[in-house]
There are 2 protein chains.
Amino acid sequence: MADLCRIGIDTLGSETPTSEIVQGALDFARGHEECQLVFVGREDELRCVREFGHSVVPCEESISQYESLIGILRHKRNSSMKVGLQLVAASKIDAVVSTGDTGALMALSRQVIPMLPQFDRPSIIKRFDGKRGPVWMLDLGANIIRKLSLLVQFAQMGSAYAKAIGRLERPRISLLNIGSEARKGPQVLREVASMLSRTASLNFVGYTEADQLFDGTTDVVVADGFSGNVALKSIEGAIGISHYFIEGELRAAGLDDSELAISVAQRVRDKLSAQAYNGASLIGLNGIVVKSHGRTDRVGIGSALRLAKEEIKAGVPSFLKSFQFS
Amino acid sequence: MADLCRIGIDTLGSETPTSEIVQGALDFARGHEECQLVFVGREDELRCVREFGHSVVPCEESISQYESLIGILRHKRNSSMKVGLQLVAASKIDAVVSTGDTGALMALSRQVIPMLPQFDRPSIIKRFDGKRGPVWMLDLGANIIRKLSLLVQFAQMGSAYAKAIGRLERPRISLLNIGSEARKGPQVLREVASMLSRTASLNFVGYTEADQLFDGTTDVVVADGFSGNVALKSIEGAIGISHYFIEGELRAAGLDDSELAISVAQRVRDKLSAQAYNGASLIGLNGIVVKSHGRTDRVGIGSALRLAKEEIKAGVPSFLKSFQFS
C-alpha cells in the first residue's frame, strides 16, 4: 500500500454545493482506487461517502469570501479549510483540495503549513493546454506586489515544478510582459530578466506576451499575482464568450438539434473549459494544496483531485525542497 | 460636403504589408463614399490609390518596434507615423490610422498633438463585444504606472468617450481588480474606487474581474496600462486557442469539408476576431488617432477606418474637451 494517495477535500465555503463536490469526488475515486478521500465538512452532508470506503472529518465552520483575512486568521479556528490544511501539516493526508476563497486559502496555508526554506511566500501555479503541450503560469493571485525577489523565486519554483510534474529536463522560463522588445514594461521586469538570464540553473528565454501563452514558445510564464490573475480571468472571460458565440451560431444555422454539431461543440467546450476551470496549486509550501475553481462543477472537482494525485506521485514539495539554484 | 471624413493612413512600419493595408482601405472606401483617404508612405507602393480619388503624402521613413523611443522622438523627423499625426494636428485630416508600434505612436502623438486641457496623458481605449452589447476598456498599454490621478482621469475619459461614441446616458464605470470584494487588490485601487464613487458626474459601479468583462455588468472598465494590456492580449491568446480547438474538432469529426460547418466556424471566427483585432484609439488628445492591430489583415484595417469615421462623426475630441467633471 506504499502507493496509497490520501487526499483531503474541504467541502464548505464555496459557490459549489457540497453535493456536487461529493459527487465529483466519488466519480474521481471510482477511477482511481489507490486514492483514499477524506471529506472535511458537515457530517449530515457527508455520511454517504463512508459507504464507498472514504472517511469524514466532521467540521461545521465555513469561510466566506466576504470575511476579512484578519478575522479568518484570528477567529476561525476550526473552519473546514483550516482543518484540511492541518491534516496536511500533520501528514495525516498527502494533499488537500479546496474550492474556497483564494485569499483565505493563501493566508491559512501560510499559518498552518511551513514554507520550504528557499522561499518567502507561496505562489499559485496552473497548467494551461497550449498548441504544443502544457504551459504553466504563476503567480495567479497569491502575491499582488511586483517585486524582484519574489519574481525570481517564482521562476525557481516554476522551473522545479515543471521538472517534477511535467518531467521536463530544462523548462523554458519566461517573464510576462507587454512587449517582447527590451524597452517594454516596467523597470523591475528588466531587472528580473537580467537576474534570471544570469542564473545558470534556469533556462530563461525572455519575455512572453499573453497572446503567445498557448504558442508553445515557453514552458513556464512568471508574473506578479495581480497580472497573472488578470491573465487567468481574461482567458476565462474570453472562453465564456467563445462558448456563447459558438452556441449562438449553431442556433442561427439550425444546428442546435444536430447530434454531430452538439458533440463537436461539447468537445470544444470541454477542451476550452479545461483551460479555465482545472485546479491550480499553491507551491513553495512543505505540503500539497490544490485550489479548485470556486465556480466549478463535478468535472472540475475531478480535475483538481487528479492534479493533487499527480503532485503526490511526483513528490512536488520534496522535489522543490531538494532543488538547488545557482 | 460638410460631412466629408478625411482619414489618413500610415502605411509603413507594421507587420502588415503595405499592399494589404491599401487593399483593406480601398475595400472600406468603396462602402463609405463620404470618406476621403490620405495614404502616407512610399509613392511607388501607393500610386494606384489616386485612381480611386484618394491622395498620397509621399514619405520614405518608417519606424520599427525595435527602435528606442528617444531615438524615434529625436531623429525620426519624417516618419510616416509622424507625418500622419502632423496632418491631424494641422487639421488637414480629421483622423489618422496607424498599424505601427504602440509605444512609438503614443510618444509621437504626445509630441505632435496637444493634450486636451483636463488630461495629463493619452490613454488607449478599445471596444469589445459582450453578451449584451459593447464594453470599453482602457488603458490598454499607453501608461504602465498604476497611479491614482491617471486612473481617475482614465475613468473620466472613458465615461465621456462611451457617452460620445456609444450614446450612453450614464455609462457604468468600473475598475479592473482581481476580486470584487472590498479587501481585494492593491491599496491604490481602493483609493481610486473611493474617489470615483464620490464623483457625482460618474456612474461608478465598483470592481470588475476580467472574467466578467463580457457579461454586460459594466460599460467601461478602467485599468492601468500594464494590466489592461495583459487582459487584451490574454483575450487574444484565448481566442487563438479557441479557433485552434474548433478547427481540430471539426477535422476530427470529418466536418472540415462540410460547407455548413465551415460557414458556422467562419462566423464564430469573425465574431471572436473582432474582439481582438479591431482598432483601438488614443484618447485625451485634441485629435483622433486610431491604432490598428500590428498583425492585422485587410478586414482589420477596415475596422480601424470605421472606428476613425465613427469618432469623427461623434466629434470625440471636442466632446471630451467640453466635458465637465464634478
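If you're wondering where the values come from, they're calculated on a predicted model, not measured in any experiment.

1. Re the side chain of Asn-143 of chain A
Residue and element names in this part refer to chain A.
Argument step 1. With respect to the helices and strands, Asn-143 occurs in the loop between β6 (133-138) and α6 (148-166).
Argument step 2. At 2.8 Å, the side chain of Asn-143 and the backbone oxygen of Pro-122 are in polar contact.
Argument step 3. Excluding anything up to four places from it in sequence, Asn-143 contacts Met-106, Arg-121, Pro-122, Ser-123, Leu-150, Phe-154, Asp-224, Gly-225 and Phe-226.

2. So, the environment of Arg-298 of chain B
Residues and elements named next belong to chain B.
Argument step 1. Relative to the helices and strands, Arg-298 resides in helix α10 (residues 298-314).
Argument step 2. Relative accessible area serves as the criterion here: at 36%, Arg-298 is assigned to the partly exposed category.
Argument step 3. Along the chain, Arg-298 and Val-22 lie 276 residues apart, while their C-alpha atoms are 8.0 Å from each other.
Argument step 4. Contact partners of Arg-298, with chain neighbours within four places excluded, come to Glu-20, Gln-23, Gly-24 and Asp-27.

3. Overview of the sheet that holds strand β6 (residues 133-138) of chain B
Backbone-to-backbone hydrogen bonds join strands into a sheet, with any given pair of strands oriented parallel or antiparallel.
Residues and elements named next belong to chain B.
Argument step 1. If you trace the 11 strands from one edge of the open sheet to the other, you get β3-β2-β1-β4-β11-β10-β5-β6-β9-β7-β8, paired in mixed fashion. Edge positions in the open sheet fall to β3 (55-58) and β8 (203-208), since each of these has one partner strand only. The average undirected angle you get between the axes of adjacent strands in this sheet is 25°.
Argument step 2. Pairing geometry for strand β7 (residues 172-176) and β8, over 5 bridges, is parallel. Across the sheet, residue Leu-175 finds its bridge partner in β8, namely Tyr-207.
Argument step 3. Strand contacts of α10: β1 (5-10), β2 (35-41), β4 (95-98), β10 (280-283) and β11 (288-291), with the helix running at about 140° to β1, the strand carrying the most contacts.

4. A closer look at the confidence of the model for chain A
Residues and elements named next belong to chain A.
Argument step 1. A residue-level look at chain A finds 97% of positions with pLDDT of 70 or above and a mean pLDDT of 90.
Argument step 2. Model confidence for chain A, summarised as mean pLDDT per element, is weakest for helix α9 (residues 259-277) at 78 and strongest for strand β9 (residues 220-222) at 98.
Argument step 3. Here the complex is predicted with pTM 0.92, and the ipTM for its interfaces comes to 0.91.

5. Focus: the nonpolar core
Argument step 1. Core analysis: the biggest nonpolar cluster contains 216 residues, and Ile-7 of chain A together with Ile-7 of chain B have the highest contact counts within it.
Argument step 2. Ignoring any residue separated from it by four or fewer positions in sequence, one finds Ile-7 of chain B in contact with Cys-35, Gln-36, Leu-37, Val-38, Ala-95, Val-97, Leu-305, Ala-308, Lys-309 and Ile-312 of chain B.

6. Things to note about the relation of the copies chain A and chain B
Argument step 1. Once turned by 180° and shifted 0.0 Å along the axis, chain A lies on chain B with an RMSD of 0.0 Å. What we have between these two chains is a two-fold relation.
Argument step 2. Comparing interface residues between copies, 98% of those in chain A also sit at the interface in chain B, which points to an isologous, same-surface contact.

7. Digging into the packing of aromatic side chains
Residue and element names in this part refer to chain B.
Argument step 1. As enumerated under the stated definition, the model contains 6 aromatic pairs over all chains in all.
Argument step 2. Geometrically, the ring pair formed by Phe-128 and Phe-214 is edge-to-face, given 6.1 Å between the ring centres and 75° between the ring planes. With Phe-128 in strand β5 (residues 123-130) and Phe-214 in the loop between β8 and β9 (220-222), this pair connects stretches of sequence that are 86 residues apart.
Argument step 3. With relative accessibility at 0%, the residue Phe-128 sits in the buried group.

8. Quick look at helix α10 (residues 298-314) of chain A
Residue and element names in this part refer to chain A.
Argument step 1. Taking 1.5 Å per residue as the helical rise, α10 with its 17 residues ought to reach 24 Å, and the 24 Å between its terminal C-alpha atoms agrees with that figure.
Argument step 2. Among the residues of α10, those classed as buried are Gly-300, Ile-301, Gly-302, Ser-303, Ala-304, Leu-305, Leu-307, Ala-308, Lys-309, Glu-311 and Ile-312.
Argument step 3. Phi turns positive, to about 60°, at Gly-315, one or two residues after α10.

9. Description of the sheet that holds strand β11 (residues 288-291) of chain A
Residues and elements named next belong to chain A.
Argument step 1. Taken in spatial order, the 11 strands make up an open sheet running β3-β2-β1-β4-β11-β10-β5-β6-β9-β7-β8, and their pairing is mixed. Each having just a single partner strand, β3 (55-58) and β8 (203-208) make up the two edges of the open sheet. Sheet twist, expressed as the average angle between the axes of neighbouring strands with direction ignored, equals 25°.
Argument step 2. As judged from the 4 bridges shared by strand β1 (residues 5-10) and strand β4 (residues 95-98), these two strands associate in the parallel manner. The residue bridging Ile-9 from the neighbouring strand is Val-97, located in β4.
Argument step 3. Its contacts with the sheet put helix α1 (residues 18-31) on β1 and β2 (35-41), and the angle it makes with β2 is roughly 170°.

10. Describing the interface of chain A and chain B
When the parts of a complex come together, some accessible area is lost, and that lost area is often used as the size of the interface.
Argument step 1. Each partner contributes residues to the interface: chain A has 58 residues there, and chain B has 57 residues.
Argument step 2. Of the roughly 5000 Å² buried between chain A and chain B, counting both surfaces, carbon and sulfur atoms make up 67%.
Argument step 3. The tally of links between chain A and chain B comes to 4 salt bridges.
Argument step 4. The salt bridge partner of Arg-267 of chain A is Glu-249 of chain B, with a shortest N-O separation of 2.7 Å.
Argument step 5. Summed over the shared surface of chain A and chain B, the number is 11 residue pairs in polar contact (both at pLDDT 80 or more).

Rules of the game
Residues numbered from 1 in each chain as written. Chains lettered and ligands numbered in written order. Predicted model: local features only at pLDDT ≥ 70, side-chain atom pairs only at ≥ 80, totals over all residues. Heavy atoms only, no water. Helix = DSSP H or I, 4+ residues; strand = E, 2+ residues; numbered from the N terminus. Polar contact = N/O pair within 3.5 Å; in protein donor to acceptor, adjacent residues only side chain to side chain. Contact = heavy atoms within 4.5 Å. Buried < 20%, exposed > 50% of the residue type's maximum accessible area, 1.4 Å probe, protein only. Pairing = 2+ DSSP bridges. Axes fitted to C-alpha atoms, helices over the stretch in contact; angles between N-to-C directions. pLDDT = per-residue confidence, 0-100. Core = buried A, V, L, I, M, F, W, Y, C linked by side-chain atoms within 4.5 Å. Least-squares fit on C-alpha atoms with pLDDT ≥ 70 in both. Phe/Tyr/Trp six-rings, centres within 6.5 Å; stacked < 30°, edge-to-face > 60°. Expected span 1.5 Å × (residues − 1). Buried area = accessible area lost by both parts, 1.4 Å probe. Salt bridge = Lys/Arg side-chain N within 4 Å of Asp/Glu carboxyl O.

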